[in-house]
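Residues per chain are reported as follows:
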Amino acid sequence: MSVTGVSLLVAIVYVLVSMYWTSPDKPWQYINLHGLFVVIIGMGVVSLIAVPWRYVRRFFTMISAIGRRYHDDSVEIIQQIVEAAEAYRADLKKAQKFAEQVQDPFLKDALELLFEGYSAEEITQILKRTIIVQRDRDASDAKMFKHLGKYPPALGLFGTVMGMIALLATLGQEGAESKVGPAMSVAMTATLYGIILANLVILPVADNLLFRSHDIVARREMIIEGVLMMHGKMSPVMIRQILIAHLMPHQKQAFGKMRRVGS
């Protein structure tokens, strides 16, 4: 499980502890089936109205995706580009055989374009287009979450208003004053559920997807730069030194260790 997945579980614990700490004598008073129905079912209905089905059906897929461990393999990719450049300068067949072992699909496609004799302009055009399409798709997923994030609080308020209307309808009846506090507490739980769903789940997932998309695009831009340098017959040593600039300080240290082990 990724740090994000663990953080989602921590968020659930955070909510439960906050509820218990706020009302240790009656923590169960935060559980209200009416409020849950209004927010959860209402969220499902609103989602189908606001967002096309092809995006809605990926809702839980996206949430489960950020729960899986995310690995930034920039160090490994640079190492593979350098090794591919060394093989490309020595023997094309050797380089093609090396490309078959590459795991990253974008790097694999880029190397295949290079070995098939495409020009630098053609390689750039094809790979840039792939990046644009993927970035737009990722942006659409994040945009879906951003849009859906504004509805849970409104649905929570909807449940609260209904609860207050029902409460006001009882005023003037015998013993109504003793029911005001408990009834208001129940009415407010719907707003609480809406705030939790929007601000601890949906909107954070949207931000996480945007950050991941940015990292993927940056890594693919690095791959294009490396392959174009290979196309220009640049020295593998020079390619390595230029691509290292894309790495974070701790990644540069990892790359240095990898080089020493491989040498």
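Conventions adopted
- Residues numbered from 1 in each chain as written.
- Predicted model: local features only at pLDDT ≥ 70, side-chain atom pairs only at ≥ 80, totals over all residues.
- Heavy atoms only, no water.
- Helix = DSSP H or I, 4+ residues; strand = E, 2+ residues; numbered from the N terminus.
- Contact = heavy atoms within 4.5 Å.
- Buried < 20%, exposed > 50% of the residue type's maximum accessible area, 1.4 Å probe, protein only.
- Polar contact = N/O pair within 3.5 Å; in protein donor to acceptor, adjacent residues only side chain to side chain.
- Axes fitted to C-alpha atoms, helices over the stretch in contact; angles between N-to-C directions.
- Parallel < 35°, antiparallel > 145°, perpendicular 65-115°, else oblique.
- Nonpolar A, V, L, I, M, F, W, Y, C, P; charged D, E, K, R; others polar.
- Core = buried A, V, L, I, M, F, W, Y, C linked by side-chain atoms within 4.5 Å.
- 1 Å grid on protein atoms, 1.4 Å probe; cavity = no way out; pocket = protein on both sides within 12 Å on 5 of 7 lines; lining within 4 Å.
- Points joined across faces, edges and corners; volume = space filled by probe spheres on them.

1. Quick look at the environment of Met43
Then step 1. Looking at where Met43 falls in the secondary structure, it is placed in helix 2 (residues 33–50).
Then step 2. Along the chain, Met43 and Gly194 lie 151 residues apart, while their C-alpha atoms are 9.3 Å from each other.
Then step 3. When sequence neighbours within four positions are dropped, the list of residues in contact with Met43 reads Val38, Leu148, Tyr151, Pro152, Leu155, Leu197 and Ile202.

2. Observations regarding the side chain of Thr189
Then step 1. If you trace the backbone, Thr189 turns up in helix 10 (residues 180–231).
Then step 2. Classification of Thr189 by relative accessible area gives buried; the value is 4%.
Then step 3. Within the structure, Thr189 has its side chain in polar contact with the side chain of Asn32 (distance 3.4 Å).
Then step 4. For Thr189, the contacting residues outside a window of four places in its chain are Gln29, Tyr30 and Asn32.

3. Examining the packing of helix 4 (residues 59–67) against helix 8 (residues 120–148)
Packed helices, taken two at a time, are described by the angle their axes make and the gap between the axes.
Then step 1. At a minimum axis distance of 11 Å, the contact between helix 4 and helix 8 shows a crossing angle of 105 degrees. Put simply, helix 4 runs roughly perpendicular to helix 8. Taking contact as the criterion, the partners of Phe59, Met62 and Ile63 in helix 4 are, on helix 8, Asp141, Met144, Phe145 and Leu148.
Then step 2. For the contact of helix 4 with helix 8, the class distribution of residues is six nonpolar, no polar and one charged.

4. What to know about the nonpolar core
Then step 1. With 33 residues, the main nonpolar core has Ile81, Leu107, Leu111, Phe115, Ile223, Val227 and Met230 as its most contacted residues.
Then step 2. Only helix 5 (74–90), helix 6 (92–99), helix 7 (105–115), helix 8, helix 10 and helix 11 (236–244) provide two or more residues apiece to this core.
Then step 3. A total of nine residues in this core trace back to one element, the largest contributor, which is helix 5.
Then step 4. Leave out the neighbours within four places in its chain, and Ile81 touches Leu107, Ile223, Gly226, Met230, Ile239 and Leu243.
Then step 5. In terms of nonpolar packing, the next biggest core, distinct from the first, is built from 21 residues, Val51, Phe145, Leu155 and Ala206 among them.

5. Here's the deal with the layout of surface pockets
Then step 1. Size it by volume and the largest pocket reaches roughly 790 Å³.
Then step 2. Lining of the largest pocket is provided by 28 residues; of these, Ile40, Phe60, Ile196, Leu197 and Val201 occupy positions nearest its centre.
Then step 3. For the lining of the largest pocket, the elements supplying multiple residues, two or more each, are helix 1 (3–22), helix 2, helix 3 (53–56), helix 4 and helix 10.
Then step 4. Looking at the lining of the largest pocket element by element, the count peaks at seven residues for helix 2.
Then step 5. Classifying every residue of the lining of the largest pocket by side-chain character gives 25 nonpolar, two polar and one charged.

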